[in-house]
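Chain by chain, the residues:
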Amino acid sequence: MSENFTFTLKATSGKARLGEITMPRGTIRTPAFMPVGTVGSVKAMYLDQVREGGADIILGNTYHLMLRPGAERVARLGGLHELIRWPYPILTDSGGFQVMSLSGLRKLDEQGVTFKSHIDGSLHHMSPERSIEIQGLLDSDIQMQLDECVALPAEEKEIERAMEMSLRWAERCRVAFGEQPGKAMFGIVQGGDSQALRIRSAEGLKQLDLKGYAVGGLAVGEPQNVMLEMLDITLPVLPSEKPRYLMGVGTPDDILKSVARGIDMFDCVMPTRSGRHGLAFTRRGKVNIRNARHAEDMRPLDEESSCPAARDYSRAYLHHLVRSNEALGGMLLSWNNLSYYQDLMQGIRKAIAEDRFADFQAETLAAWEKGDI
Ligand SMILES: CNc1nc2cc3c(=O)[nH]c(N)nc3c(CCN)c2[nH]1
């Protein structure tokens, strides 16, 4: 614990980094996977399970929480940590991405975004300053700048316009955030699939004395090789002594390849959303438990797992629950998947500490390819 936000690099293995973020509410072991708790809950999970499974930090969303229950209401209720009973660090996204992907966007200009709520159609305006104000009302530990994420493929001019405005918004968010020693504000690198624009965005953010840097504008439809190429371009420009967060990523394979390039933090709905739809992640690859071949398979998903959902329940029962659309099906698979992701992160951190990350990556991939699931 520390009254400040500090990031310590503990070891490297190639470009993979082992680190630790210390904050008043706790320590975050990196590389870290952040379960997504969009409206204040990690869907189908008790937060005790999320913690026991190995999560040091979870994600919340400004867009959703400002619409319901409302930022001022959360503040009146003691802040997000009190409300959801998660005393550890929370990172909140700024709302820009969710406005683009969820709401009826009405207007986007220098002042901010004007949009209609996807819940009740009410009209809302969010400026960079209001986004930071909301994240403060939520008592968020790591706050994200308001940005404009452009879906790919897109015209270079469009990508440039959005990247330049996101840079101006980063400066306004930096001013609005001020100095909050126990908290952090991260800038978000934009620039789409353009090498030059990615470099300009990263260089521009470096002028702002930020405590961390997110790489945004990726995992928005581009092929994995394009995402990885943008990391190869962007990461060398970012200060090595600050954490790097790749937003919205990703599959286990995405995570391994991004850690290999120097990413420290990840968030993705993949383990929880796919769990609710019957997809199980295991050490030996993915299992679509809805498939009829599991109907009488008495094996658990992974007899060696420390997670009861993976070790103690037969595939036959999981198959039955998912086919019957029983809530327990999504709960057990979400539990299995989050535990798998956190076990993967723990394996990654151990391999970096032992300077054998490349071997770990190869072994993990080989176990998936061998299948035998
Ligand atoms: C699933 N793919 C994905 N790409 C993202 C890009 C941004 C991005 O460029 N900016 C922001 N603010 N959020 C993003 C998110 C949401 C992360 N929870 C993304 N998710």
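Residues numbered from 1 in each chain as written. Predicted model: local features only at pLDDT ≥ 70, side-chain atom pairs only at ≥ 80, totals over all residues. Heavy atoms only, no water.

Draft legend 1. Spatial organisation of the overall build of the protein. The helix and strand tally for the protein stands at 15 helices and 16 strands. Taking 373 residues into account, the globule formula puts the C-alpha radius of gyration at 21 Å, and the protein, at 20 Å, falls close to it. The buried share among the 373 residues of the protein stands at 57%. Taking as baseline every contact in the protein between residues at least 6 positions apart, the subset at least 24 positions apart corresponds to 65%. Only carbon and sulfur atoms are counted for the fraction: they give 51% of the accessible area of the protein, which is about 15300 Å². (Helix = DSSP H or I, 4+ residues; strand = E, 2+ residues; numbered from the N terminus. Rg over C-alpha atoms; globule rule 2.2 N^0.38 Å. Buried < 20%, exposed > 50% of the residue type's maximum accessible area, 1.4 Å probe, protein only. Contact = heavy atoms within 4.5 Å. Areas by Shrake-Rupley, 256 points an atom, 1.4 Å probe, with all protein chains shown as cover.)

Draft legend 2. Just the sheet that holds strand 12 (residues 212-215), in detail. The sheet built from eight strands is open, its strands ordered 4-14-13-12-11-10-6-5 with parallel pairing. Looking at the sheet topology across the chains shown, the edges are occupied by strand 4 (32-34) and strand 5 (58-61). On average, adjacent strands in this sheet sit at an angle of 25 degrees to one another, irrespective of strand direction. Pairing of strand 10 (residues 142-144) with strand 11 (residues 184-189) involves three bridges; the strand directions are parallel. Paired with I142 across the two strands is A184, which belongs to strand 11. Strand contacts of helix 6 (residues 128-137): strand 6 (90-93), strand 10 and strand 11, with the helix running at about 155 degrees to strand 10, the strand carrying the most contacts. Contacts from helix 14 (residues 327-353) reach strand 4 and strand 14 (265-267), with the element oriented near 160 degrees to strand 4. (Pairing = 2+ DSSP bridges. Axes fitted to C-alpha atoms, helices over the stretch in contact; angles between N-to-C directions.)

Draft legend 3. Broad picture of the packing of helix 13 (residues 315-323) against helix 14. One can describe the packing of helix 13 onto helix 14 by two numbers: an axis separation of 7 Å at closest approach and a directional angle of 130 degrees. By the criterion of interaxial angle, the relationship of helix 13 to helix 14 is oblique. For the pair helix 13 and helix 14, the sense of crossing is left-handed. Residues Y317, L318, L321 and V322 of helix 13 lie in contact with helix 14, whose contacting residues are L328, G329, L332 and L333. Here the residues of the contact of helix 13 with helix 14 are counted per class, giving seven nonpolar, one polar and no charged. (Parallel < 35°, antiparallel > 145°, perpendicular 65-115°, else oblique. Left-handed = near helix turned anticlockwise from the far one by under 90°. Nonpolar A, V, L, I, M, F, W, Y, C, P; charged D, E, K, R; others polar.)

Draft legend 4. Layout of the packing of aromatic side chains. Tallied over the full model, the rule gives eight aromatic pairs. Between Y63 and F115, the ring centres sit 5.5 Å apart and the planes meet at 45 degrees, which makes this aromatic pair tilted. Placement of Y63 in helix 2 (residues 62-67) and of F115 in strand 8 (residues 112-116) is noted, with a sequence separation of 52 residues between them. Residues Y63 and F115 agree in their burial class; the two are buried. Plain terms: the ring middles of Y340 and Y341 are 6.3 Å apart, the flat faces sit at 85 degrees to each other, and that makes the pair edge-to-face. Under the relative-accessibility criterion, Y341 is labelled buried at 0%. (Phe/Tyr/Trp six-rings, centres within 6.5 Å; stacked < 30°, edge-to-face > 60°.)

Draft legend 5. Broad picture of the nonpolar core. By size, the foremost hydrophobic cluster in this structure holds 91 residues, and its most contacted members are V50, L246, F266 and I348. No other element matches the eleven residues that helix 14 contributes to this core. Excluding anything up to four places from it in sequence, I348 contacts P31, I255, L256, V259, F357 and F360. One finds M23, L91, I142 and A184 within the second-largest nonpolar core, a separate group that totals 20 residues. (Core = buried A, V, L, I, M, F, W, Y, C linked by side-chain atoms within 4.5 Å.)

Draft legend 6. Spotlight on the site of the ligand. Near the ligand, the surroundings consist of 17 residues, among which D93, D147, G217, L218 and A219 are the closest. At a separation of 3.0 Å, an oxygen atom of the ligand approaches a polar side-chain atom of Q190. For the ligand, a nitrogen atom lies 2.9 Å from a polar atom in the side chain of D267. Out of a free accessible area of 450 Å², the ligand has 87% covered by protein chains. (Near = heavy atom within 4 Å. Polar contact = N/O pair within 3.5 Å; in protein donor to acceptor, adjacent residues only side chain to side chain.)

Draft legend 7. Summary view of the sheet that holds strand 2 (residues 16-23). Read from one edge to the other, the open sheet built from three strands follows the order 1-2-3, with strand pairing classed as antiparallel. Every other strand in the sheet has two partners, leaving strand 1 (6-13) and strand 3 (26-30) as the edge strands with one partner each. Adjacent strand axes in the sheet meet at a mean angle of 15 degrees, parallel and antiparallel pairs treated alike. Inspection of the sheet shows strand 2 paired to strand 3 by five bridges, in the antiparallel sense. Residue pairing in the sheet places M23 in a bridge with G26 of strand 3.

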